[in-house]
Amino acid sequence: MTDTVDEEQARPARRQATVGGPGRRDWSTWPRYEKAALGFREYWYPVAWSRKIGSKPRAIQVLGEKIMLIRDGGEVRALHDRCPHRGVPLSHKMSSQEFPGTWSCCYHGWTFDLETGVLVAAITDGPESPICGKVTVRTYPVQEARGLVWVWLGDGPARPFADDVPEELLDPDAVVVGRITVRDGNWRFGAENGFDDGHAKWLHRNALWTKRVKMPVWSEMKVIRDGPWITRRKDKMHYSASFPGLGDFPKKKWYRRREGNKTKVSLRLPGTLRVKYAEWSHFEWWVAATAENHTYVQLAVMNQGKWRNRKFWLYYWTWARWVFHGMFNDEDRLMVEVTDAPPERLYRPDVSLTEWRRMVEEEARRSPVEEVKERQAEKRRAKHD
Ligand code: FES
């Protein structure tokens, strides 16, 4: 489906952005988005590098939930990181594996099957403990792909993995490199920053990564929907502008370098950014850990044949990792940490943000509980009408 956002649809956001009155400053236009401080659960999320998950548990936090990752018999398992007995983290360094395929809590020896989460032994209550089989710790579906561990926290059945993973990452011959870090700030500020048209031209104007291209001062932009993606399309770039009463901008030399920033920037649910360059793609995920921080996944992906892939790998480790995934994206990190909205007062380029929020509002998957609640609300509305 390709659906250009038409004037009518874009108008509320533009009016909000340009009319001189107080305008809408809160997020009540996007109630689902407003409530999603901990993200949307019915999606696959990348959470760790595969190579970092071994036979020792690794504690992580995803969408507000504490999770223990561990590799057992070659498979990565994900369990709720809380012993149902007295709430001790199962990932505690004193916990241990006493029987194959199980994990024993360090406090009283409750022992859980790693695949199903069922309590299979309460060591300190003997082999006939009547509690066995009556308690289960939640386990989560896991996928390992492209060197990453992906988890499903949804309340509904896990969706096909390919529904949530960009096609470049499903290519088994692609080279995939990147960084995973935990950063401060709500995940929505990260996703919005990635797709924010205004910041790209201003915040990063001095970044080493963008020194090679001539940055526009402003652009005539449309936001289009293209399958699961929302994409910023720059119809016309303006490399200088005359501001009445102020003078001409720019006069700085970094703007006099070659033109030609042909990158295509897109965003999709559950908060996945793609920056498409001519030969390779850059991806980012902001996976809510808590409402105040997130796991930030950056990937660089390319498949142009064996030798060019190797060259790209070298290019990444000697340049892009430090200059792009490091210095450039650190400028974003600083902004994501300090963004404090709403309230907010938007301007014209923020149509990229409002269209993203509108897409989330319409398309974010609902959990089975949300679906039931919405059906009940609809029934109530119908009764009143
Ligand atoms: Fe885990 Fe008691 S708290 S066995």
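Please read these numbers as outputs of a predicted model, since none were measured by experiment.

Conventions we followed
- Residues numbered from 1 in each chain as written.
- Predicted model: local features only at pLDDT ≥ 70, side-chain atom pairs only at ≥ 80, totals over all residues.
- Heavy atoms only, no water.
- 1 Å grid on protein atoms, 1.4 Å probe; cavity = no way out; pocket = protein on both sides within 12 Å on 5 of 7 lines; lining within 4 Å.
- Points joined across faces, edges and corners; volume = space filled by probe spheres on them.
- Helix = DSSP H or I, 4+ residues; strand = E, 2+ residues; numbered from the N terminus.
- Nonpolar A, V, L, I, M, F, W, Y, C, P; charged D, E, K, R; others polar.
- Pairing = 2+ DSSP bridges.
- Axes fitted to C-alpha atoms, helices over the stretch in contact; angles between N-to-C directions.
- Buried < 20%, exposed > 50% of the residue type's maximum accessible area, 1.4 Å probe, protein only.
- Domains from an automatic or database assignment.
- Contact = heavy atoms within 4.5 Å.
- Buried area = accessible area lost by both parts, 1.4 Å probe.

**With respect to empty space enclosed by the protein**
Moving on, step 1. Throughout the structure, instances matching the rule amount to 1 cavity of 30 Å³ or more.
Moving on, step 2. The volume enclosed by the largest cavity comes to roughly 50 Å³.
Moving on, step 3. Lining the largest cavity, in full, are Arg183, Asp184, Gly190, Asn193, Glu284, Trp286, His294, Tyr296, Asp332, Arg333 and Val336.
Moving on, step 4. Breaking the lining of the largest cavity down by element, the ones donating at least two residues are strand E12 (175-184), helix H4 (187-195), strand E19 (281-288), strand E20 (293-302) and helix H6 (306-338).
Moving on, step 5. In terms of residue count, H6 provides more of the lining of the largest cavity than any other element does, 3 residues in total.
Moving on, step 6. Taken together, the residues of the lining of the largest cavity sort by class into 3 nonpolar, 3 polar and 5 charged.

**Things to note about the sheet that holds strand E8 (residues 119-122)**
Moving on, step 1. The strand order E6-E7-E8 describes an open sheet built from 3 strands, whose pairing is antiparallel. Each edge of the open sheet carries a strand with a single partner, namely strand E6 (102-104) and E8. If you compare each strand with its neighbour and ignore which way they point, the axes differ by 20° on average.
Moving on, step 2. The sheet contact formed by strand E7 (residues 110-113) and E8 spans 3 bridges and is antiparallel. Bridge assignment links Phe112 to a residue of E8, and that residue is Leu119.

**Concerning unusual backbone geometry**
With the exception of glycine, the majority of residues adopt a negative phi angle, and the majority of peptide bonds are in the trans configuration.
Moving on, step 1. Here the amide bond leading from Leu269 into Pro270 is cis, since omega sits at 10°, within 30 degrees of zero.
Moving on, step 2. Positionally, Pro270 belongs in the loop between strand E17 (264-268) and strand E18 (272-276).
Moving on, step 3. For Leu63, which is not a glycine, the phi torsion comes out positive at approximately 50°.
Moving on, step 4. Inspection of the secondary structure assignment puts Leu63 in the loop between strand E3 (58-62) and strand E4 (65-72).
Moving on, step 5. What makes Leu63 buried here is its relative accessible area of 4%.
Moving on, step 6. In this structure, Arg146 takes a positive phi of about 55° despite not being glycine.
Moving on, step 7. Within the secondary structure, Arg146 is located in the loop between strand E10 (142-145) and strand E11 (148-152).
Moving on, step 8. Of the residues examined, Arg146 reaches a relative accessible area of 21% and is grouped as partly exposed.

**So, the domain arrangement of the protein chain**
Moving on, step 1. Taken as a whole, the protein chain is organised into domain 1 (2-33 + 166-363) and domain 2 (44-152).
Moving on, step 2. Each partner contributes residues to the interface: domain 1 has 19 residues there, and domain 2 has 14 residues.
Moving on, step 3. With both chains or domains summed, domain 1 and domain 2 bury close to 1300 Å², and 66% of this area falls on carbon and sulfur atoms.
Moving on, step 4. On the domain 1 side of the contact with domain 2, Ile180, Val287 and Ala289 bury the most area, a combined 34% of that side's loss.

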